[in-house]
Amino acid sequence: MKELLSMREEDIQGVKGGCPHYRIHGKCPFGIACRVGGEHLNLATGENLTKKKEGGEDNDDGMDASHVKNNIDYSVLVSLRKNKYPFVCQRHGHGRGSKSKQNKKEEEEEKEEEKVNVKVEQEEAGVDLSPLPKMKKLIDFRNKVYVAPLTTVGNLPFRRVMKRYGADITCGEMAVAFNLLQGKAGEWALLKRHKEEDVFGIQIAAPHADVYERVSELIKNENIEIDFLDMNLGCPIDVICQTGAGARLMQRDRNLRDSIKGMGKNLSCPITVKIRTGWDESKPFAHNLVPKIQKWGMGNVGAVMVHGRSRLQRYSKLADWDYIQMVADAQSSDVEKLPIIGNGDIFSYVDYEEKVLGHESLSPTAMIGRGALIKPWLPTEIKERRHWDISASERLDILKDFVSFGLEHWGSDAHGVNTTRRFLLEWLSFLCRYIPVGLVEQSSIPQQLNQRPPRFMCGRSDLETLMMSNNSADWVKISEMLLGPVREGFEFQPKHKATSYK
């Protein structure tokens, strides 16, 4: 033990609140490996101290499952990996050709006869015994700030930060259905929900109806607590579209229809559908697709989110909000209309009022994506109708919160610190795009989403200047202020780049 203590790295200084596990749960499960363990370790003996519960009992549980929900049981992952999970929905093509045409015809005749007999019995009894439709708990998106699913950066600690700054609705990162069905623990981690997320959804990308339906079976059987399930029909990434998922699914009506109906049988929560204007900017077709979704999703679909760009645009040019309104107006008046939530380029309360409230047919919902990555205090600005001239020290406090949440979620050992640092650096690659309100002319307020700080622009303090740097070495310096020094030769390249092409 003495040898282990002598090899132990120095504690990271300045982590807000110290070890989050000891502070919240009364015991740190990482013991001597904890990088912020000064307050719960006896450095002379190596003993891992435990707080007393109310009543004087020892708290022998270092992790409280009640704080994070949707933890999948390991035995379920094993059965998925071995293809032994008892799905009701068969995979596409399985079971076909095993019966003769005669047997199939006889089965169809028997089913038809049963239907007739049931109908006669109901008429004789004078009672309608047909099953009642499942009641869906509807989500009211109106006048809410909804943080859209954000790949890589939209993790649980980030969403907790957003909740602190006024977000009403949060959604997990895009989860690939095939990875969920193969029992990959990393993909299931994307479905985790913190108790602070009072209205929470998950986003699933899949290419086929049977895949969506099998995922919905898992969500139902394993009691995954969600308020809505978002179908991803907007992801422009090649590796997703090439499988038939993401934006490619917009072009496959039959698969989309069967996916909605298949999941509707299993889910007790509403389905939402995230789409783009189309595949190509010159040939948008969302206005033709939404009326179909309106018809297919009766009783199952709770809203449609429309990103005002095509798949080939990705994130280039400006979102077309007039077209989003056209999509909303294209709905049939013969069926109950769906809330249409617009998405794209909301970066201030002015943008929200002009783009969303300025189009009467749209749901008054502030759906924010990249704007939340650059300005996590954006929900506060929208709700209070102001341009917040936030100081560099206040922005650093936001990062301290993220670090504390990260060490709580990913662990406070060396692995957890490295994971927290990686996601912090990914986020800093967006945060550096913010131009402080106090450094620009009044006529240039508010900043537009595609604007960047001018090169060599100086802030009102050294910290503010450092935060505006687009040099990844400066992002590493900021991470060292919060998580201690990196190893020699450490370099960082952001994984998520919002590049566009055609």
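All values derive from a computational prediction rather than experimental measurement. (Residues numbered from 1 in each chain as written. Predicted model: local features only at pLDDT ≥ 70, side-chain atom pairs only at ≥ 80, totals over all residues. Heavy atoms only, no water.)

A look at the overall build of the protein
Move 1: Scanning the protein from terminus to terminus reveals 19 helices and 10 strands.
Move 2: A buried classification covers 53% of the 502 residues belonging to the protein.
Move 3: Sequence separation of at least 24 residues holds for 72% of the intrachain contacts in the protein that already meet a minimum separation of 6.
Move 4: Counting only carbon and sulfur atoms, one obtains 49% of the accessible surface of the protein, whose full area is about 24900 Å². (Helix = DSSP H or I, 4+ residues; strand = E, 2+ residues; numbered from the N terminus. Buried < 20%, exposed > 50% of the residue type's maximum accessible area, 1.4 Å probe, protein only. Contact = heavy atoms within 4.5 Å. Areas by Shrake-Rupley, 256 points an atom, 1.4 Å probe, with all protein chains shown as cover.)

Considerations on the pattern of salt bridges
Move 1: Under the defined criterion, the tally for this structure stands at 27 salt bridges.
Move 2: Notably, a salt bridge pairs Lys 355 with Asp 351, separated by 3.4 Å at the nearest N-O pair. Of this pair, Lys 355 and Asp 351 are both found in helix H13 (residues 349-357), four residues apart, which corresponds to roughly one turn of the helix. Across this residue pair, the class does not change: Lys 355 and Asp 351 are buried.
Move 3: Here Lys 477 ties to Asp 474 by a salt bridge, and the two come within 3.6 Å at their closest N and O atoms. (Salt bridge = Lys/Arg side-chain N within 4 Å of Asp/Glu carboxyl O.)

Quick notes on the nonpolar core
Move 1: One finds Met 231, Ile 275, Leu 399 and Trp 427 to be the most contacted residues of the largest nonpolar core, which totals 119 residues.
Move 2: Beyond its immediate sequence surroundings of up to four residues, Leu 399 is in contact with Leu 424, Trp 427, Leu 428, Leu 431, Met 467, Ile 478 and Leu 482. (Core = buried A, V, L, I, M, F, W, Y, C linked by side-chain atoms within 4.5 Å.)

Structural notes on the side chain of Ser 363
Move 1: Position of Ser 363 relative to the elements: it lies in the loop between H13 and strand S10 (366-368).
Move 2: On the accessibility criterion, Ser 363 (7% relative accessible area) is buried.
Move 3: Beyond its immediate stretch of four places on either side in the chain, Ser 363 contacts Phe 141, Arg 142, Pro 339, Ile 340, Ile 341 and Val 356.

Points about the pairing of strand S8 (residues 301-307)
Two faces make up the sheet, and in a regular strand the side chains alternate between them.
Move 1: Burial runs high along S8: seven of the seven residues are buried.
Move 2: The pairing of strand S7 (residues 271-276) with S8 spans six bridges and is classified as parallel. Residue Ile 271 lies in a different strand from S8, and its bridge partner there is Val 301.
Move 3: Read as a crossover between parallel neighbours, the route from S7 over helix H11 (residues 286-296) to S8 is right-handed. (Pairing = 2+ DSSP bridges. Right-handed = clockwise from strand over helix to strand, strands pointing away.)

Notes on the environment of Glu 464
Move 1: Among the secondary structure elements, Glu 464 is positioned in helix H18 (residues 462-467).
Move 2: Along the primary structure Glu 464 and Ser 393 are separated by 71 residues, whereas in three dimensions their C-alpha atoms are 8.3 Å apart.
Move 3: Excluding residues within four positions of it along the chain, Glu 464 makes contact with Ile 390, Ala 392, Arg 395, Pro 436, Leu 439 and Gly 459.

A short note on the environment of Arg 452
Move 1: Turning to its location among the elements, Arg 452 is positioned in the loop between helix H17 (414-431) and H18.
Move 2: Using a relative accessible area of 37% as the deciding quantity, one classes Arg 452 as partly exposed.
Move 3: Distance from Arg 452 to Asn 470, taken between C-alpha atoms, is 9.5 Å for residues 18 residues apart in sequence.
Move 4: Every residue in contact with Arg 452, bar those within four places of it in the chain, is listed here: Arg 433 and Ile 435.
Move 5: In this structure the side chain of Arg 452 is engaged in a polar contact, spanning 3.1 Å, whose partner is the backbone oxygen of Leu 449. (Polar contact = N/O pair within 3.5 Å; in protein donor to acceptor, adjacent residues only side chain to side chain.)

A word on H17
Move 1: Helix length check: H17 (18 residues) gives 25 Å between terminal C-alpha atoms against 26 Å at 1.5 Å per residue, within 8%.
Move 2: Judged by how many residues are buried, H17 sits mostly within the fold: 14 of 18 residues are covered. (Expected span 1.5 Å × (residues − 1).)

Thoughts on the packing of helix H10 (residues 253-266) against H11
Move 1: The contact between H10 and H11 brings their axes to 10 Å, and the two run at 30°. On the basis of the axis angle, H10 is roughly parallel to H11. Classified by chirality, the crossing of H11 by H10 is right-handed. Seen from H10, the contacting residues are Asp 253, Leu 256, Arg 257, Ile 260 and Lys 261; seen from H11, they are Leu 289, Lys 292, Ile 293 and Trp 296. (Axes fitted to C-alpha atoms, helices over the stretch in contact; angles between N-to-C directions. Parallel < 35°, antiparallel > 145°, perpendicular 65-115°, else oblique. Left-handed = near helix turned anticlockwise from the far one by under 90°.)

Observations regarding the packing of H11 against helix H12 (residues 321-329)
When two helices pack together, their arrangement is given by the angle between the helix axes and the distance between those axes.
Move 1: Two elements in contact, H11 and H12, have axes whose closest approach is 8 Å; the angle formed by their N-to-C orientations is 35°. Considering how the two elements wind past one another, H11 and H12 form a crossing that is right-handed. For the pair H11 and H12, the contacting residues are Ala 286, His 287 and Val 290 in the first and Tyr 323, Met 326 and Val 327 in the second.
Move 2: Its residues placed into classes, the contact of H11 with H12 shows five nonpolar, one polar and no charged. (Nonpolar A, V, L, I, M, F, W, Y, C, P; charged D, E, K, R; others polar.)

Observations regarding the confidence of the model for the protein
Move 1: Model confidence for the protein is summarised by a mean pLDDT of 88, while 87% of its residues fall at 70 or above.
Move 2: Low pLDDT, under 50, characterises residues 95-101; the stretch is placed with three contacts to residues that sit more than four places away or in other chains.
Move 3: Overall, residues 498-502 carries pLDDT values under 50, and its contacts beyond four positions in sequence, including any with other chains, amount to 12 contacts. (pLDDT = per-residue confidence, 0-100.)

Considerations on the packing of aromatic side chains
Given two aromatic rings, their pairing is described by the distance between the two centres and the angle made by the two planes.
Move 1: Within the structure shown, the criterion is met by 11 aromatic pairs.
Move 2: On the basis of an interplanar angle of 90° and a centroid distance of 5.2 Å, the ring pair of Phe 158 and Trp 427 is categorised as edge-to-face. Of this pair, Phe 158 sits in helix H5 (residues 156-164) while Trp 427 is found in helix H17, placing the two residues 269 residues apart along the sequence.
Move 3: Residue classification places Trp 427 among the buried positions, given a relative accessible area of 0%. (Phe/Tyr/Trp six-rings, centres within 6.5 Å; stacked < 30°, edge-to-face > 60°.)

Things to note about helix H19 (residues 472-483)
Move 1: With 12 residues, H19 ought to run about 16 Å at 1.5 Å a step, and its terminal C-alpha atoms sit 16 Å apart, in line with that.
Move 2: What H19 keeps buried is the set Asp 474, Trp 475, Val 476, Ile 478, Ser 479, Leu 482 and Leu 483.
Move 3: Taken together, the buried residues of H19 touch helix H16 (392-410), H17 and H18.
Move 4: Looking one or two places after H19, you find Gly 484, whose phi comes out positive at around 80°.

Some remarks on the pairing of strand S6 (residues 228-233)
Move 1: Of all the six residues making up S6, six are buried; the element is thus mostly covered by neighbouring parts of the structure.
Move 2: By the alternation rule, side chains of S6 split into Phe 228, Asp 230 and Asn 232 and Leu 229, Met 231 and Leu 233, which are all buried.
Move 3: Relative to S7, S6 is paired through five bridges, and the arrangement is parallel. Residue pairing across strands places Leu 233 opposite Ile 275, the latter belonging to S7.

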